[in-house]
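If you want the building blocks of each chain, they are given just below.
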Amino acid sequence: MQETNISKRRSRKEYEQGFIFSSGIFITGVILEWITGGRGTGLPSWPLNVQIGLSFIIILVFIHIYYRELNAVKWISRVPAAISAITLFSFLVLLMGLLPQNVSGEKGILHFTGLSHVRNSFPFLLSGLYLLSSLGLTALRRSSPLNLKNIGFLLNHTGLWIIVFAGSLGAGDLKRVQINIQENETVWYGHDANHQIRQLPFNLKLIDFTIVEYNPRLAYIKSEDLSFPPGIENNLLLIEPGMKVKIKDWSIEVKEFLHSSKKDSVHFYPSSDSLTVPSAFLRVQNMFNKTEKTGWISCGNFMTEPEFFRLDSAYSLAMTTPEAKTYSSIIEIMTKDGKLIKHDLQVNKPLKISGWNLYQLSYDESKGKWSELSIIEAIRDPWLVVIYIGIFMVLAGALYMFWLGKN
Amino acid sequence: MNNWINFPGFAITAGCLWLIGLALIYAGKKNRVIKNAGIILAASGIVIIVFYISVLWIRLERPPLRTLGETRLWYLFFLPVIGLAFYLRWGLKWFLAYSIFMAWIFLLINLRHPENFDKVMMPALQSPWFVPHVVVYIFGYALLGVSTLVAVKGLYLYYKGSQDEKVIKLADNLVYFGYSFLTLGLLFGAFWAKQAWGHYWTWDPKETWAFLTWLGYLVYIHLRFRHPHKEVWALWMLALAFVILLTAWFGINYLPSAENSVHVYG
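Residues numbered from 1 in each chain as written. Chains lettered and ligands numbered in written order. Predicted model: local features only at pLDDT ≥ 70, side-chain atom pairs only at ≥ 80, totals over all residues.

Observations concerning the overall build of chain B
The condition is simple: In DSSP terms, a helix is any run of H or I states spanning at least four residues, a strand is any run of E spanning at least two, and both are numbered starting from the N terminus. Throughout, radius of gyration means the C-alpha value; the globule benchmark is 2.2 Å times the number of residues raised to the power 0.38. Distance between backbone-placed C-beta atoms decides contact: two residues are in contact if it is within 7 Å.
A tally of helices and strands in chain B yields 8 helices and 0 strands. Its C-alpha atoms give chain B a radius of gyration of 19 Å, within 12% of the compact-globule value 18 Å for 266 residues. Along the three orthogonal principal directions, the C-alpha set of chain B runs to about 55 × 50 × 25 Å. Within chain B, counting contacts between residues at least 6 apart in sequence, those at least 24 apart form 72% of the total.

Next up, the structure:
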């Protein structure tokens, strides 16, 4: 009985110590941020990040081997310290989730305490170090003796440690280059987030950029400001030829739908020229007085005005600009060693080339399917393999946990 | 035109089958035939929902996982499945009743707001990761949602002065299963993000809140591991973690920090 009381008291004390320590770390971080004028911590890149990382690992292992019996070291690898580290980390992530981050021009208290840019701030850096120390020393302690019972524990803890460690240190080596390229143009550079030109180790030529679009939508709008009145049933359905739909007091039938059309003085007619627009011929009946009228709607494009169908003094029918279903770029790449590759680059399907990944990012959205500009992103992340090792360890740990449950 | 193919018909049939099945399970205490009939009825309610989701999937020409209304539909499926599975495994009738009650709440919300007619799916969502990412998450959320009900029951019992060891054991099991799904969902999301946006983690507000949720349950697991007898702490933590989960699930649609999130959906 006495023993339980002692252990209860010890455990409460450990939690108190944990939360005092966490608060201390937070306050120290805020002071450091304030002293440095709220500029944040910056991201170390190769080779500095590797040097920092290796030193950190060596220090942890050194502490584990020579000072593992020290009370402070025992304390940091127990649950109360772990919970205080997770709580501080969660608190900062919570602030990140509540406060808008990286808004330019912010110079108030949030800027000087680092809370307007949490993930590059001193409080976050110190909190991460605390978490990694606690997690690292715990995993080291559990790793000897190594046996089957510890496997799930080690996979989860070491995997998470690797993800946080490599994710933070690797961020400085991540290169992200945006390439804006016109059809038939060849480029060998792009620009980074700070609009600096960055050269690439290959040439890139855009042969063709294509978009497949969904049908446009039928919209019931206020004529005055072209806004959608809220809560209207059946508003914004995709237009299909022959479709019949009831919106408010109107029964609407799509008599004809043209994907690609041009307008003469009154009518739209099918056309395969350039800069055509989608259009639809509607028959609309008022459900109360049974009056009927017909007319065209079209969403137009960046060169052509849209066409509306006036229902009454306040409301009209309109066609929305079609949304993209898929878009892709046919590109030709010449690498430094003279390899020539032709590839159809699609969203969600990056291409690996000379240590870079190429992504289909966007296009000139104001021109829609007439865009001749493709926006491609090239990303190089040498730490990815390390992160994936961590992710697979945690995945395996999660499956192990699922398999076992809590007995 | 509306792809919401007679949802009320399907949903109410399934919902009634669950209720009748549940009533028979309660009624058939000693009579195995009645009890089994109840189980079969409850299971056929699930089959109807599966059928409905399949037809909807085909009609929409995309997985019905995009809008909040569509995710609610999946809860309609998962909650009774979890309830029935736990009933068959551990004989927990009240647990089945809870899950069916929860499923009915989702059912009623969806009768009012189906949010389900739109075939459009933006290119970034068209990925083989889409279905596993969302389904695993929904399943995890459903398990954790039920664990919250268990926590509420545990707290109620505690403050009433009676304690039941079985309650916290059940909460533990649900959290362990739910948490492994949460982890899978988070990591599948990371793989997908790498393919679609070039980076596995961008601190998008949804990611931030999903990560917070993950940390919340992490604290619960550590508390249970280190202090198996401090059940009340753990149960309160479980209730708090669910509040974070709810924020991650739909609260962020209203947060100022989430205006530009790729995860904000109607």
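From this point on, the discussion continues.
A closer look at the interface of chain B and chain A
Short version of the rule: Only Asp, Glu, Lys and Arg are considered charged in this grouping, and only Ala, Val, Leu, Ile, Met, Phe, Trp, Tyr, Cys and Pro are considered nonpolar; every other residue, Gly among them, is considered polar.
Contacts between chain B and chain A engage 38 residues on the former and 42 residues on the latter. Contributions of two or more residues to the side of chain B that touches chain A are made by α6 (165–197) and α7 (205–226) of chain B. Among the elements that make up the side of chain B that touches chain A, the one with the highest residue count is α6 of chain B (12 residues). Per-class residue counts for the side of chain B that touches chain A are 25 nonpolar, 10 polar and 3 charged.

A few points about the packing of helix α6 (residues 122–143) of chain A against helix α7 (residues 151–170) of chain A
Residues and elements named next belong to chain A. Quick note on the threshold: Convention adopted: a line fitted to C-alpha atoms gives each axis, helices being fitted over their contacting stretch, and angles between N-to-C directions are expressed from 0 to 180 degrees. Note on convention: near helix rotated counterclockwise from far helix by under a right angle means a left-handed crossing. Clockwise means right-handed.
Between α6 and α7, the shortest axis-to-axis distance is 9 Å and the interhelical angle comes to 145°. α6 and α7 meet at a crossing whose hand is left-handed. Note on element contacts: α7 touches α6 through Phe-153, Leu-154, His-157, Thr-158, Leu-160, Trp-161, Val-164, Phe-165 and Ser-168, opposite Gly-128, Leu-131, Leu-132, Leu-135, Gly-136, Thr-138, Ala-139, Arg-142 and Ser-143. When grouped by side-chain class, the residues that make up the contact of α6 with α7 number 10 nonpolar, 7 polar and 1 charged.

So, the pairing of strand β17 (residues 373–380) of chain A
Residue and element names in this part refer to chain A. What counts, and what does not: A pair of strands is labelled paired if DSSP reports no fewer than 2 bridges between them.
Note: strand β1 (residues 175–182) against β17, 8 bridges, orientation antiparallel. Residue pairing across strands places Arg-176 opposite Ile-379, the latter belonging to β17. Of the strand pairs in this sheet, strand β16 (residues 356–363) and β17 are connected by 6 bridges, and their pairing is antiparallel. Looking at the pairing, Leu-358 lines up with Ala-378 of β17.

What about unusual backbone geometry?
If a residue is not glycine, its phi is most likely negative; likewise, a peptide bond is most likely trans. Residues and elements named next belong to chain A. Our working rule: Once C-beta atoms are placed from the backbone, each residue is buried if 20 or more other C-beta atoms lie within 10 Å of its own, exposed if 12 or fewer, and partly exposed for counts between those two.
Here the bond from Trp-46 into Pro-47 is cis, since omega is 0°, no more than 30 degrees from zero. Located in the positive-phi region is Asn-234, a residue other than glycine, with phi close to 65°. Summarising the element assignment, Asn-234 is placed in the loop between β4 (217–222) and β5 (237–238). One non-glycine residue with positive phi stands out, namely Lys-290, at about 60°. Lys-290 sits in the exposed class, given 8 other C-beta atoms within 10 Å.

Notes on the domain arrangement of chain A
For the record, the criterion: As used throughout, domain bounds are those supplied by an automatic or database domain assignment.
Domain assignment breaks chain A into domain 1 (14–149 + 165–173), domain 2 (175–212 + 325–380) and domain 3 (215–322). Placing the centre of domain 1 of chain A and that of domain 3 of chain A at their C-alpha centroids yields a distance of 57 Å.

A short note on the environment of Ile-35 of chain A
Residues and elements named next belong to chain A. Among the structural elements, Ile-35 can be located in helix α1 (residues 2–35). Since 10 C-beta atoms lie within 10 Å of it, Ile-35 is described here as exposed. Linking Ile-35 and Ser-271, residues 236 residues apart in sequence, is a C-alpha distance of 67 Å.

Considering the sheet that holds strand β11 (residues 309–310) of chain A
All names here are of chain A. Read from one edge of the open sheet, 4 strands run β5-β4-β12-β11, paired in antiparallel fashion. Both outer strands of the open sheet, β5 and β11, are each paired with one neighbouring strand and no more. Where β11 lies against strand β12 (residues 315–319), 2 bridges are found, and the strand directions are antiparallel. Residue Arg-310 lies in a different strand from β12, and its bridge partner there is Ser-316.

Here we look at the pairing of β16 of chain A
Residues and elements named next belong to chain A. Two elements, strand β15 (residues 351–353) and β16, share 3 bridges in a ladder whose sense is antiparallel. For Lys-352, the partnering residue across the bridge sits in β16 and is Asn-357. A loop of 2 residues connects β15 with β16, the two strands running antiparallel in sequence, and Ser-354 in this loop sits at a positive phi of about 45°.

Description of the domain arrangement of chain B
All names here are of chain B. The domain boundaries assigned to chain B delineate domain 1 (1–118) and domain 2 (122–266). Inter-centroid distance (C-alpha atoms) of domain 1 to domain 2 is 22 Å. With 16 residues of domain 1 at the contact, the number on the domain 2 side is 15 residues. At the level of secondary structure, the elements contributing two or more residues to the side of domain 1 that touches domain 2 comprise α3 (68–90) and α4 (93–112). The element best represented in the side of domain 1 that touches domain 2 is α3, accounting for 7 residues.

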